[in-house]
Amino acid sequence: GARVAVLDVASHHGTGPQQIFYERDDVVFVSLHADPARAYPYVTGWADETGAGRGRGANCNLPLAPGAGDDEVLAALARALEAVERSGAEVLVVSLGLDMFEGDPIADLAVTADGFRRSGALVRQIELPTVVLQEGGYATDALGTNAVAWLRGLRDG
């Protein structure tokens, strides 16, 4: 089957996918999220968690500093996408957490609607068939705006 990459961009680390794929080499898992030194789930999402056994090197965590905004998140996303490209993945699944938004009531990142658009555009550049699954996001009045911005970036570049 096709090699799959799971890209988790959210305020909170993707604990489930990491645990499921940690010892596998057919799925690469890359996550950018708030640093677990200060953010839930506190126990996973560290940069030194790179996989085990056959999965060694197929797991990549990119913790973000408090208040990380568009430029910091886009720089981390560029590094994440480099890991996806190195993996030889043929299909990309994006777990999109809109809780990275600057107005989110339970997170401390600062991505703007334009940052979401730019993020989608950056993902488009790797030209992989992509499935996007919306996850967190608790600034409910801004969810639609932010989701549309990210998807328009992915569609239009």
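In case you missed it, the structure is sitting above this.
Reference entry: report on the structure contained in this document. Since the model is a prediction, treat every value here as computed from it, not as a measurement.

The rules behind the values
Residues numbered from 1 in each chain as written. Predicted model: local features only at pLDDT ≥ 70, side-chain atom pairs only at ≥ 80, totals over all residues. Heavy atoms only, no water. Helix = DSSP H or I, 4+ residues; strand = E, 2+ residues; numbered from the N terminus. Rg over C-alpha atoms; globule rule 2.2 N^0.38 Å. Areas by Shrake-Rupley, 256 points an atom, 1.4 Å probe, with all protein chains shown as cover. Core = buried A, V, L, I, M, F, W, Y, C linked by side-chain atoms within 4.5 Å. Buried < 20%, exposed > 50% of the residue type's maximum accessible area, 1.4 Å probe, protein only. Contact = heavy atoms within 4.5 Å. Patch = residues over 30% accessible without salt bridge, like charges linked within 9 Å, V, L, I, M, F, W, Y side chains within 5 Å. Salt bridge = Lys/Arg side-chain N within 4 Å of Asp/Glu carboxyl O. Expected span 1.5 Å × (residues − 1). Arc of directions from axis to C-beta. Axes fitted to C-alpha atoms, helices over the stretch in contact; angles between N-to-C directions. Parallel < 35°, antiparallel > 145°, perpendicular 65-115°, else oblique. Left-handed = near helix turned anticlockwise from the far one by under 90°. Polar contact = N/O pair within 3.5 Å; in protein donor to acceptor, adjacent residues only side chain to side chain.

1. What to know about the overall build of the protein chain
Phase 1: What the protein chain contains, in helices and strands, is four helices and five strands.
Phase 2: When the helices and strands of the protein chain are listed from N to C terminus, the series reads β-α-β-β-α-β-α-β-α.
Phase 3: In terms of overall size, the protein chain behaves like a compact globule, its C-alpha atoms giving a radius of gyration of 14 Å where 157 residues would be expected to give roughly 15 Å.
Phase 4: C-alpha extents for the protein chain along the principal axes are approximately 45 × 35 × 20 Å.
Phase 5: Of the roughly 7400 Å² of accessible surface on the protein chain, a fraction of 52% belongs to carbon and sulfur atoms.

2. Remarks on the nonpolar core
Phase 1: Within the largest apolar cluster, 36 residues are counted, with the highest numbers of intra-cluster contacts made by Leu7, Leu32, Leu77, Met100 and Val123.
Phase 2: Those elements that provide at least two residues to this core are β1 (4-9), β2 (27-34), β3 (59-64), α2 (70-87), β4 (91-96), α3 (113-124) and α4 (143-156).
Phase 3: With eight residues, α2 is the largest single contributor of residues to this core.
Phase 4: Contacts of leucine 32, omitting those with residues within four sequence positions, involve Leu7, Asp8, Val9, Ala10, Leu62, Leu64, Val73, Ala76, Leu77, Ala80 and Met100.
Phase 5: Formed by five residues, the second largest nonpolar core is a distinct cluster that contains Val6, Phe21, Val27 and Phe29.

3. Focus on a nonpolar patch on the surface
Phase 1: A cluster of nonpolar side chains, Tyr40, Tyr42 and Val43, forms an exposed patch at the surface whose accessible area comes to about 380 Å².
Phase 2: Locating valine 43 in the fold gives a position in the loop between β2 and β3.

4. Examining α4
Count 3.6 residues to each turn of an α-helix, and residues three or four apart come out pointing the same way.
Phase 1: End to end, α4 covers 20 Å across 14 residues, agreeing with the expected 20 Å (1.5 Å per residue, within 8%).
Phase 2: Among the residues making up α4, those that are buried are Asn146, Ala147, Ala149, Trp150, Gly153 and Leu154. When α4 is viewed along its axis, its buried side chains cluster within an angular range of 160° and face the same direction.
Phase 3: Next to the buried residues of α4 lie β4, α3 and β5 (130-134).
Phase 4: Glycine 157, located one to two residues past α4, shows a positive phi value of around 80°.

5. Things to note about the packing of α3 against α4
Phase 1: Axis separation between α3 and α4 bottoms out at 6 Å; the angle between their running directions is 30°. As summarised for this structure, α3 and α4 are arranged roughly parallel, according to the angle between their axes. Both α3 and α4 take part in a crossing whose hand is right-handed. Residues Ala113, Phe116, Arg117, Ser119, Gly120, Ala121, Val123 and Arg124 of α3 pack against Thr145, Asn146, Ala149, Trp150, Gly153, Leu154, Arg155 and Asp156 of α4.

6. Looking at the side chain of serine 119
Phase 1: Looking at the secondary structure, you find serine 119 in helix α3.
Phase 2: In this structure the side chain of serine 119 is engaged in a polar contact, spanning 2.8 Å, whose partner is the backbone oxygen of glycine 115.

7. Regarding the packing of α2 against α3
Phase 1: Where α2 contacts α3, the axes come no closer than 10 Å and their chain directions differ by 15°. Accordingly, the angle class assigned to the pair α2 and α3 is roughly parallel. For the element pair α2 and α3, the recorded crossing hand is right-handed. On α3, the residues that touch Asp70, Asp71, Leu74, Leu77, Ala78 and Leu81 of α2 are Asp114, Gly115, Arg118, Ser119, Leu122 and Val123.

By themselves, these observations are geometric and do not establish any function.
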